Amino acid sequence: MVKHTPTSVVTIERFIIEQERQFPEATGQLSGILYDIALAAKIIASKVRRAGLVDILGAAGAENVQGEMQQKLDVFANETIVKAMDHGGRLCVMASEEEPGLIHIPDGFKCGKYVLLFDPLDGSSNIDVNVPVGTIFSVLQKITRGTRGEMEDVLQPGRRQVAAGYVIYGSSTMLVYTTGQGAHGFTLDPSIGEFLLSHPNIRTPSTGRYLSVNDSYEQYWDEPTKALMRRYRGLDNEHKPLNVRYVGSLVADFHRNLLGGGVFAYPASSTAPKGKLRLLYEANPLAFIEKEAGGAASDGTRDILDIDPTELHQRTPLFIGSKGEVDQASAMLGGALSSVGA
Ligand code: FDP
């Protein structure tokens with residue numbers, strides 16, 4: 001395999017092809033899905049970049065399935081991804097945060113063996129204040145026998161993901177993905193319209209620097225969660241405090257902590273007993289990336305990737321980031337995620 005150095009210019013297309021070549025039995029279908037996602041990301045990026053310039057901001061008037069106001073860009077991002085993906089013959093079904101049920105492949109198009117789950121524009125409440133937003137995606141293999149995908153194909157544990165990734169629309173647009181051979185990051189060069197390899201084989205620090213949590217919910221947390229947060233903040237007088245950073249846009253908080261080390265926490269609370277974030281198209285794909293980068297993800301009692309989903313829009317508490325901090329969460333909240341040294 002070619003060794004990529006920071007000075008060689010490697011497009012996402014070339015990188016995907018080189019990874020695919022390591023698997024002679026590969027049909028190229030998964031690679032095709034990743035190209036199509038990269039194309040959709042470029043289209044969404046160009047729209048997000050112009051959001052402040054054109055009259056596109058504001059609520060579209062419809063409420064999405066979680067009861068949140070949809071912004072126009074959410075609708076645009078959702079449609080862009082569906083249209084980029086529905087005709088390639090690689091997918092058998094899709095599901096999106098923005099749609100209540102399954103998104104079937106239209107009649108007349110071929111069905112393939114993969115399933116795509118996505119959050120088209122995460123952190124959308126941040127759009128009109130110019131804060132980074134993102135797209136998150138997860139790819140599974142079909143497990144049912146028929147041609148069209150079914151709910152059973154979608155409701156698979158994260159451990160079965162064959163690819164996952166996210167796009168962050170920030171000061172630059174970056175796409176980070178994994179197919180289980182490390183997590184790799186690409187930065188969009190807008191002058192040539194290509195994603196270029198900028199962060200090969202991302203490794204997250206084993207202990208963290210940052211804590212990202214919305215602590216305005218502290219009054220609604222249980223005592224173990226409050227104790228965990230005190231420990232993260234060094235208020236137990238035993239540990240060095242983590243640096244608090246909370247954008248409130250999951251992809252942005254996750255991305256910073258992936259590179260710098262730390263933990264993103266969205267715990268269960270009395271007002272949100274299952275947390276807020278969605279298992280299938282938020283927690284699972286980010287957990288797969290995090291694992292490939294050497295980190296971990298837990299709901300406090302289980303590894304996120306081991307949760308058996310029962311509902312399409314299922315929520316989960318989430319502690320994700322450097323292994324040291326996630327292990328602490330598991331130790332203090334009741335789960336034994338991995339060897340907890342503390
Ligand atoms: P948003 O509501 O803006 O779409 O997934 C939803 C999400 O953002 C995440 O991106 C973000 O991390 C979280 O919600 C923020 O929730 P709080 O406002 O409750 O902190």
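The structure this text deals with has already been given above.
Not measured: the values here are computed from a predicted model.

Focus on the site of the ligand
Phase 1: Inspection of the region around the ligand gives 15 residues, with Asp 122, Ser 125, Tyr 217, Tyr 246 and Tyr 266 positioned closest.
Phase 2: For the ligand, an oxygen atom lies 3.5 Å from a polar atom in the backbone of Ser 124.
Phase 3: In this structure, an oxygen atom belonging to the ligand sits 2.5 Å away from a side-chain N or O atom of Tyr 217.
Phase 4: For the ligand, the protein covers 87% of the area, taking 470 Å² as the surface of the free molecule.
Phase 5: Of the residues contributing to the shell around the ligand, the split by class is six nonpolar, six polar and three charged.

Thoughts on the environment of Glu 20
Phase 1: Tracing the chain through its elements places Glu 20 in helix α1 (residues 12-21).
Phase 2: Note on Glu 20: relative accessible area 25%, which makes it partly exposed.
Phase 3: Sequence-wise, Glu 20 and Glu 79 are 59 residues apart; in three dimensions their C-alpha atoms are separated by 28 Å.
Phase 4: Apart from the residues lying within four places of it in its own chain, the contact partners of Glu 20 are Ala 26, Gly 28 and Ser 31.

Overview of the sheet that holds strand β7 (residues 163-169)
Phase 1: What the eight strands build is an open sheet, ordered β4-β3-β5-β6-β7-β8-β9-β10; its pairing is mixed. Strand pairing shows two members of the sheet lacking a second neighbour, β4 (103-104) and β10 (194-199), which therefore form its edges.
Phase 2: Bridge analysis of β7 against strand β8 (residues 173-178) gives six bridges, and the strand direction is antiparallel. Paired with Tyr 166 across the bridge in β8 is Val 176.
Phase 3: Together, β8, β9 (183-189) and β10 form the strand contacts of α1, whose direction differs from that of β8 by roughly 5°.
Phase 4: In the packing of helix α2 (residues 29-49) onto the sheet, contacts are made with β3 (91-96), β5 (114-122), β6 (133-141), β7, β8, β9 and β10, and the angle to β7 comes to roughly 15°.

Structural notes on the nonpolar core
Phase 1: Formed by 42 residues in total, the largest nonpolar core has its most connected members in Met 85, Met 94, Leu 116, Leu 121, Tyr 169 and Tyr 177.
Phase 2: Counting residues per element, this core draws most heavily on α2, at 10 residues.
Phase 3: Non-local contacts of Leu 121, meaning those with residues more than four positions away in its chain, are made with Ile 44, Val 48, Leu 73, Asp 74, Ala 77, Ile 127, Val 133, Gly 134, Thr 135 and Tyr 169.

Some points on the side chain of Thr 204
Phase 1: Within the secondary structure, Thr 204 is located in the loop between β10 and β11 (210-212).
Phase 2: Residue Thr 204 is classed as buried on the basis of its relative accessible area, which comes to 8%.
Phase 3: Excluding residues that lie within four positions of it along the chain, Thr 204 makes contacts with Asn 257, Leu 258, Gly 261, Glu 290, Ala 293, Gly 294, Gly 295 and Ser 322.

Let's talk about the pattern of salt bridges
Phase 1: All chains considered together, the criterion is met by 13 salt bridges.
Phase 2: Glu 282 is paired through a salt bridge with Arg 278; the nearest N and O atoms lie 3.6 Å apart.
Phase 3: Assessed through its relative accessible area of 1%, Glu 282 is described here as buried.
Phase 4: Across the salt bridge formed by Arg 302 and Asp 299, the nearest N and O atoms sit 2.8 Å from each other.
Phase 5: Given a relative accessible area of 10%, Asp 299 falls into the buried group.
Phase 6: One salt-bridge network, in which partners are shared between bridges, spans Glu 97, Arg 278 and Glu 282.

Structural notes on the sheet that holds strand β13 (residues 262-266)
Strand pairing in a sheet relies on backbone hydrogen bonds, with the paired strands running either antiparallel or parallel.
Phase 1: Pairing is mixed in the open sheet, where five strands are placed in the order β12-β11-β13-β15-β14. On the outer flanks of this sheet lie β12 (243-244) and β14 (296-298), each paired with one strand and no other.
Phase 2: The pairing of β14 with strand β15 (residues 318-321) spans three bridges and is classified as antiparallel. By the bridge assignment for β15, Ser 298 is matched with Phe 319.

Describing the pairing of β7
Phase 1: Within β7, seven of the seven residues are buried, which leaves the element mostly enclosed by the surrounding structure.
Phase 2: Of the two faces of β7, both are covered, the one formed by Ala 163, Gly 165, Val 167 and Tyr 169 as well as the one formed by Ala 164, Tyr 166 and Ile 168.
Phase 3: In the sheet, β6 pairs with β7 via seven bridges, with the strands oriented antiparallel. Pairing of Thr 135 across the sheet is with Val 167, part of β7.

Focus on unusual backbone geometry
Phase 1: With a phi angle near 65°, Asn 130 is a residue other than glycine that sits in the positive phi range.
Phase 2: Looking at the element boundaries, Asn 130 is found in the loop between β5 and β6.
Phase 3: If you check the backbone angles, Asn 201 has positive phi at about 45° while not being a glycine.
Phase 4: Note that Asn 201 resides in the loop between β10 and β11.
Phase 5: The class for Asn 201 is partly exposed, based on a relative accessible area of 43%.

Reading the values: rules and limits
- Residues numbered from 1 in each chain as written.
- Predicted model: local features only at pLDDT ≥ 70, side-chain atom pairs only at ≥ 80, totals over all residues.
- Heavy atoms only, no water.
- Near = heavy atom within 4 Å.
- Polar contact = N/O pair within 3.5 Å; in protein donor to acceptor, adjacent residues only side chain to side chain.
- Areas by Shrake-Rupley, 256 points an atom, 1.4 Å probe, with all protein chains shown as cover.
- Nonpolar A, V, L, I, M, F, W, Y, C, P; charged D, E, K, R; others polar.
- Helix = DSSP H or I, 4+ residues; strand = E, 2+ residues; numbered from the N terminus.
- Buried < 20%, exposed > 50% of the residue type's maximum accessible area, 1.4 Å probe, protein only.
- Contact = heavy atoms within 4.5 Å.
- Pairing = 2+ DSSP bridges.
- Axes fitted to C-alpha atoms, helices over the stretch in contact; angles between N-to-C directions.
- Core = buried A, V, L, I, M, F, W, Y, C linked by side-chain atoms within 4.5 Å.
- Salt bridge = Lys/Arg side-chain N within 4 Å of Asp/Glu carboxyl O.

Treat this as a map of the structure, not an account of what it does.
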